[in-house]
Amino acid sequence: MASHRRDHAVRAAVAHGLLTPDRPVVALLDTAGIRASATALTRAFAAVTDAPVLHAFAVKAAPLVPVLRLLHTAGLGAEVASPGELALARAAGVPPARTVLDSPAKTPAELREALALGIAVNADNLQELARLDALVASAPTTSPLGLRVNPQVGAGSIGALSTATATSKFGVALRDEGAREAVVQAFLDRPWLTRLHTHTGSQGVPLALMAEAVREVHALAEEINARAGRQRIDTLDIGGGLPVDFTSDEETPAYAAYARLLADTTPALFDGRYRLVTEFGRSLLAKHGTILARVEYTKTSGGRPIAVTHAGVQLATRTVYAPESWPLRVLAYDAGGRPRDGEPVVQDVAGPACFAGDLLATGRALPLLRPGDIVAVPDTGAYYFAHHYAYNSLPRPGIHGFTADDDGTVTFATVREPQTLTEIVAESGGAHADALVR
Ligand SMILES: Cc1ncc(COP(=O)(O)O)c(C=O)c1O
């Protein structure tokens, strides 16, 4: 998010009463920024190929209906990986022809529904292909069908997000003994199988490794087509995974750089013989989301200043549990939403949850925070505040989209209402209070 837009938005969030002592945490989404990222993605691929490309937003990155609708109006589709994500995409109006279903554990009912709707499905493994055999035989479908493969090109810097390792749970492990031949044969046996899918991993995977995996999958498609004596594979789904810079407001690496790298590594990928699908998530949304939380108290402990805020593990789960892999910036504002000045002081920024590790940042140099100040946590538009963790029954905060005019006028639109205590009770078995004492 551009820093001037963020500054206007923080101030306006206070002025509009979105952040108050009684409502001490809120999340913002920069609508113009999201639109700009969608445009950058579309243009980056249009610059290197005339082939049709479906950019299917990975819903897991920001499972919010208004976000999916915005991206749909910007020309993107949706990649869904669960019945819930499919329901969100449908609620947003994303048509089946622009939806792709990938997940490692689809039930027969999910597969049946996807095939009935005509949604593209990527099978994860050969057992799933056997399920599809039965379904395809039992009812006609317009769903394009593919198979996910794992080229086993290796890991990035975050193991938990590296999906192309030797022992990854995703896809058919291509370098395992006999696997490549089994995949080729699976295609030769099934005239309806027309797509190959791969996703090398997310944050932490170098672009060169992503490009290498795509090259391998393209080579496999060429092999299958050659063995079949005609173009059996017509679409390559190359997944998502573009990393994000969490250390600054820079939006790097750029889609254009990745598209050029793909063009350099595998020129034939873009020669028009293959339709393409991409599944970017984090890189479309991360930079456009910001958490705002009030500082409730400040203290020192063992000489270390600590600001206790209302943003912690419930919103920044990965950062709290794996801070080395997921460091976030923290920016200081005063109670009126103006950037704080003052000599930087090394301090901890803590969340509200009742365990010692609930820290957004440790040993961070910031103007010494005071009660009533606001901390802004940028780059949290993907896989953060939309991925609430219900520890301590902390409520999901409200999410507001905003637009900022050149003169600083900010307009907000509700994306998600804050969760109420009544909803928390209902979601926690409130209707079954006597269930265990009957
Ligand atoms: C199959 C698949 N596609 C796309 C994505 C999106 O990745 P990213 O948000 O890093 O772009 C993921 C992330 O886990 C995924 O598993």
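Since the model is a prediction, treat every value here as computed from it, not as a measurement.

The rules behind these values
Residues numbered from 1 in each chain as written. Predicted model: local features only at pLDDT ≥ 70, side-chain atom pairs only at ≥ 80, totals over all residues. Helix = DSSP H or I, 4+ residues; strand = E, 2+ residues; numbered from the N terminus. Rg over C-alpha atoms; globule rule 2.2 N^0.38 Å. Buried ≥ 20, exposed ≤ 12 C-beta atoms within 10 Å, placed from the backbone. Contact = placed C-beta atoms within 7 Å. UniProt positions renumbered as here; feature names shortened; annotations may be inferred. Domains from an automatic or database assignment. Nonpolar A, V, L, I, M, F, W, Y, C, P; charged D, E, K, R; others polar. Near = placed C-beta within 6 Å. Axes fitted to C-alpha atoms, helices over the stretch in contact; angles between N-to-C directions. Parallel < 35°, antiparallel > 145°, perpendicular 65-115°, else oblique. Left-handed = near helix turned anticlockwise from the far one by under 90°. Pairing = 2+ DSSP bridges. Expected span 1.5 Å × (residues − 1).

(A) Quick peek at the overall build of the protein chain. When helices and strands are tallied, the protein chain shows twelve helices and 18 strands. Taking 2.2 N^0.38 as the reference for a compact globule, 438 residues should give roughly 22 Å; the C-alpha atoms of the protein chain span a radius of gyration of 23 Å, in line with that estimate. Seen through its principal axes, the protein chain has C-alpha atoms that stretch 70 × 65 × 40 Å. Across the 438 residues of the protein chain, 46% fall into the buried class. Long-range pairs, those at least 24 residues apart, make up 68% of the contacts in the protein chain with a sequence separation of at least 6.

(B) Seen up close, the UniProt feature "domain: Orn/DAP/Arg decarboxylase 2 N-terminal" (unreviewed entry) in the protein chain. Mapped onto the present numbering, the UniProt feature "domain: Orn/DAP/Arg decarboxylase 2 N-terminal" (unreviewed entry) falls at residues 45-285. Along residues 45-285, the helical share is 38% and the strand share 16%, with 18 Å between the first and last C-alpha atoms.

(C) Highlighting the domain arrangement of the protein chain. Here the protein chain is described as being made up of domain 1 (3-29 + 286-417) and domain 2 (47-280). On a C-alpha basis, the centres of domain 1 and domain 2 stand 34 Å from each other. Opposite the 16 residues of domain 1 that make contact, domain 2 presents eleven residues. Residues belonging to the side of domain 1 that touches domain 2 are distributed by class as follows: eight nonpolar, four polar and four charged.

(D) Inspection of the site of the ligand at higher detail. Taken together, 16 residues lie near the ligand, and Ala58, Ser202, Gly240, Glu279 and Gly281 sit nearest. Class assignment for the residues of the shell around the ligand results in four nonpolar, seven polar and five charged.

(E) Structural context of the UniProt feature "domain: Orn/DAP/Arg decarboxylase 2 C-terminal" (unreviewed entry) in the protein chain. Sequence positions flagged by UniProt for "domain: Orn/DAP/Arg decarboxylase 2 C-terminal" (unreviewed entry) are, in local numbering, residues 287-381. The annotated region residues 287-381 carries 5% helix and 45% strand content, and the separation between its end C-alpha atoms amounts to 6 Å.

(F) Representation of the environment of Val100 within the structure. Looking at the secondary structure, you find Val100 in strand β4 (residues 99-102). With 29 C-beta atoms packed within 10 Å, Val100 lands in the buried category. In this structure the C-alpha to C-alpha distance between Val100 and Gln419, which are 319 residues apart in sequence, comes to 30 Å.

(G) Up close: the packing of helix α8 (residues 207-228) against helix α9 (residues 255-265). In the contact formed by α8 and α9, the axes pass within 10 Å of each other and the chain directions differ by 45 degrees. In this view, α8 runs oblique relative to α9, as classed from their interaxial angle. Seen along the crossing, α8 lies across α9 with a hand that is right-handed. Taken together, the residues of α9 that come into contact with α8 (itself represented by Leu207, Ala211, Val214 and Arg215) are Tyr258, Leu261, Leu262 and Thr265. Tallied by class, residues from the contact of α8 with α9 come to six nonpolar, one polar and one charged.

(H) Local environment of the pairing of strand β14 (residues 344-350). Relative to β14, strand β12 (residues 304-309) is paired through three bridges, and the arrangement is parallel. If you follow Val308 over to β14, its bridge partner there is Ala350. Both β14 and strand β15 (residues 359-367) contribute to a ladder of six bridges, which runs antiparallel. Bridging across to β15, Pro344 finds its partner in Pro367.

(I) Structural context of helix α6 (residues 126-138). Between its first and last C-alpha atoms α6 spans 19 Å; for 13 residues at 1.5 Å apiece the expected length is 18 Å, and the two agree. Those residues of α6 that are buried lie in contact with α5 (108-117), β5 (120-123), β6 (145-150) and α7 (179-189).

(J) Molecular detail of the environment of Gly337. Positionally, Gly337 belongs in the loop between β13 (331-333) and β14. Overall, the presence of 20 C-beta atoms within 10 Å leaves Gly337 in the buried class. As a C-alpha pair, Gly337 and Val375 span 38 residues in sequence and 9.3 Å in three-dimensional space. Setting aside anything within four residues of it in sequence, one finds Gly337 in contact with Val10, Arg11, Ala13, Val14 and Ile374.

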